[in-house]
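Residue strings, one per chain:
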Amino acid sequence: MVLQRFSWPYGGRSATFCGSFTGWRECPMGLVGAVFQVVFDLPPGVYQYRFLVDGVWRCDETKPFVRDEYGLISNEVLVENNVQPVVQPEPSIRGTNMDKGTILKTMPPEPSSQNPSMQIAVIRHVVSGILLHNTIYDVVPLSSKLTVLDTQLPVKQAFKIMHDEGLALVPLWDDRQGTITGMLTASDFVLILRKLQRNIQVIGNEEPISAWKEAKLQFYGGPDGAAMQRRPLIHVKDSDNLVDVALTIIRNEISSVPIFKCMADSSGVPFLNLATLQGILKFLCSKLQEEAEGCSLLHNQLLSIPIGTWSPHTGRSSSRQLRTLLLSSPLNTCLDILLQDRVSSIPIVDDNGSLRDVYSLSDIMALAKNDVYARIELEQVTVQNALDVQYQVHGRRQCHTCLQTSTLLEVLEGLSIPGVRRLVVIEQSTRFVEGIISLRDVFTFLLG
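Remember, predicted model here, so these are calculated numbers, not experimental data. (Residues numbered from 1 in each chain as written. Predicted model: local features only at pLDDT ≥ 70, side-chain atom pairs only at ≥ 80, totals over all residues. Heavy atoms only, no water.)

**Student:** Looking at this model, I keep getting lost on the packing of aromatic side chains. Mind explaining?
**Tutor:** Two measures describe an aromatic ring pair: the distance that separates the ring centres and the angle between the ring planes. One pass over the full model with this rule turns up 14 aromatic pairs. Look at Tyr49 and Phe51: their rings are 5.7 Å apart centre to centre, the planes differ by 90°, and that puts the pair in the edge-to-face class. Assigned by exposure class, Tyr49 and Phe51 land together as buried. Within the aromatic cluster, the residues linked to one another by ring pairs are Phe6, Trp8, Tyr10, Phe17, Phe21, Phe40, Tyr47, Tyr49 and Phe51. Above the face of the Phe445 ring, Arg124 is positioned so that its terminal group lies 5.1 Å from the ring centre. In this structure, Arg316 is placed above the aromatic ring of Trp310, and the distance from its NZ or CZ to the ring centre is 4.0 Å. (Phe/Tyr/Trp six-rings, centres within 6.5 Å; stacked < 30°, edge-to-face > 60°. Buried < 20%, exposed > 50% of the residue type's maximum accessible area, 1.4 Å probe, protein only. Lys NZ or Arg CZ within 6 Å of the ring centre and 35° of its normal.)

In structure tokens:
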């Protein structure tokens, strides 16, 4: 970090300062002699800034300046590590000669008039500041119910517990190693189920979870299965900042990650909790309430923000193809997409493309109730059949949706509700599926 002084030596009754690193929010300047000044501790880089003197936006014409694509003029400074220490200015420099300052015809954009690229830069700056200065320990509840399964528990019993508790994944405890060594997920249930449906006996119902994990390496690990087995568990520490935790989840394409304690305590258990993007987003939303005025992008509609996965008919580009399925589609097709595309859910539509429901990978756990999976032929099951089983077990549910005219703030608040991992974007009158916004989409966008 480098101490950088910004000064306005051309007089005036009052002066404030704003820059690209303040999110273009005004900061007060102190008067030293006849010079207004303010000092910031900045990382090396190039920054733009302006002064508001007696209610008029000005730039210092004796310093480098730039004009952006919208014609807005700002001073520019290159902050380097080898700069000289900050020194106090001579009080008499330039006195009150206001002629050296260039009066700007346009002031820095208000939230409603900021250009999109500036709005995105501002919110990313604010979000990064919040997430970098808080750790995952600040987010996770200190006391909460958390299910952990022993690796020696029979697989059949484990999946029944997951269904009864409404869990899509659980940490696995290895008593011999005295720590968490892996996760059992809905994907594991799908993989076992599909092997059984093809008369491939992967493991017996009474075999422990550890036996399934070894069999999984043999079936899906490829020729280098032994190397996969040696791969350490993906985890974070309770002292890790929220940016690092979010990126760990995103880059590894997982829904949650175990949190380990940095320091051992009297319990002797290093595992603290699970970190999720939703937990981080809920914390972020509470902090953004304090910054809402400076983050004008929060009040922009989705149709103007490059976020999410979109249907080609909307004319919007996205890095991932939007997939939808009909109610009559085979469940196997749905599971193929979920596993191969590494997505957690697929919008289910009728013949007109209107949203009927969302099938999530975790919904497959409904087949674990009363061993339903043992009495069906997976090849003959449709998405409608699978949803009917889900309704019988849990009742009908609400599809969480939004519109292209919904604001970014509304989307963030919607996704921070417990249990909501994505919002389906629909056309209001027809419920035609236009896109989908997931937690992963949100953090990929906000972290740039």
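After that view of the structure, there is still more to cover.
**Student:** Would you mind showing me how to read the pattern of salt bridges here?
**Tutor:** Opposite charge on two side chains permits them to pair, given that their charged atoms come into close proximity. All chains considered together, the criterion is met by eight salt bridges. Arg176 is the partner of Asp174 in a salt bridge, and the nearest nitrogen-oxygen pair spans 3.8 Å. Relative accessible area serves as the criterion here: at 75%, Arg176 is assigned to the exposed category. The salt bridge involving Arg397 is made with Asp357; its shortest N-O contact spans 3.3 Å. With Arg397 in the loop between helix H9 (383–394) and strand S21 (401–402) and Asp357 in strand S20 (residues 355–360), this residue pair connects regions lying 40 residues apart in the sequence. Judged by its relative accessible area of 33%, Arg397 falls in the partly exposed class. Several salt bridges converge on common partners, so that one network encompasses Asp357, Asp363 and Arg397. (Salt bridge = Lys/Arg side-chain N within 4 Å of Asp/Glu carboxyl O. Helix = DSSP H or I, 4+ residues; strand = E, 2+ residues; numbered from the N terminus.)

**Student:** Which parts of the structure should I look at to understand the sheet that holds strand S22 (residues 422–426)?
**Tutor:** In sheet architecture, strand pairing relies on hydrogen bonds along the backbone and comes in two forms, parallel and antiparallel. In spatial order, the strands read S17-S23-S22-S21; together these four strands make up an open sheet with mixed pairing. Two strands lie at the open edges of the sheet, namely strand S17 (309–310) and S21, each paired on one side alone. Judged from the two bridges that link them, S21 and S22 form a sheet pairing that is parallel. Directly across from Thr401, in S22, lies its bridge partner Val424. (Pairing = 2+ DSSP bridges.)

**Student:** Even after reading the chapter, I still don't get the packing of helix H6 (residues 242–251) against helix H7 (residues 277–291), so can you show me in this structure?
**Tutor:** For any two helices packed against each other, one specifies the crossing angle of their axes together with the interaxial distance. Their axes nearest at 10 Å, the elements H6 and H7 cross at an angle of 145°. For the element pair H6 and H7, the recorded crossing hand is left-handed. Across the interface between the two elements, Leu242, Val245, Ala246, Ile249 and Ile250 of H6 pack against Leu277, Ile280 and Phe283 of H7. Here the contact of H6 with H7 is built from residues that sort into eight nonpolar, no polar and no charged. (Axes fitted to C-alpha atoms, helices over the stretch in contact; angles between N-to-C directions. Left-handed = near helix turned anticlockwise from the far one by under 90°. Contact = heavy atoms within 4.5 Å. Nonpolar A, V, L, I, M, F, W, Y, C, P; charged D, E, K, R; others polar.)

These values are about where atoms sit, not about what they do.
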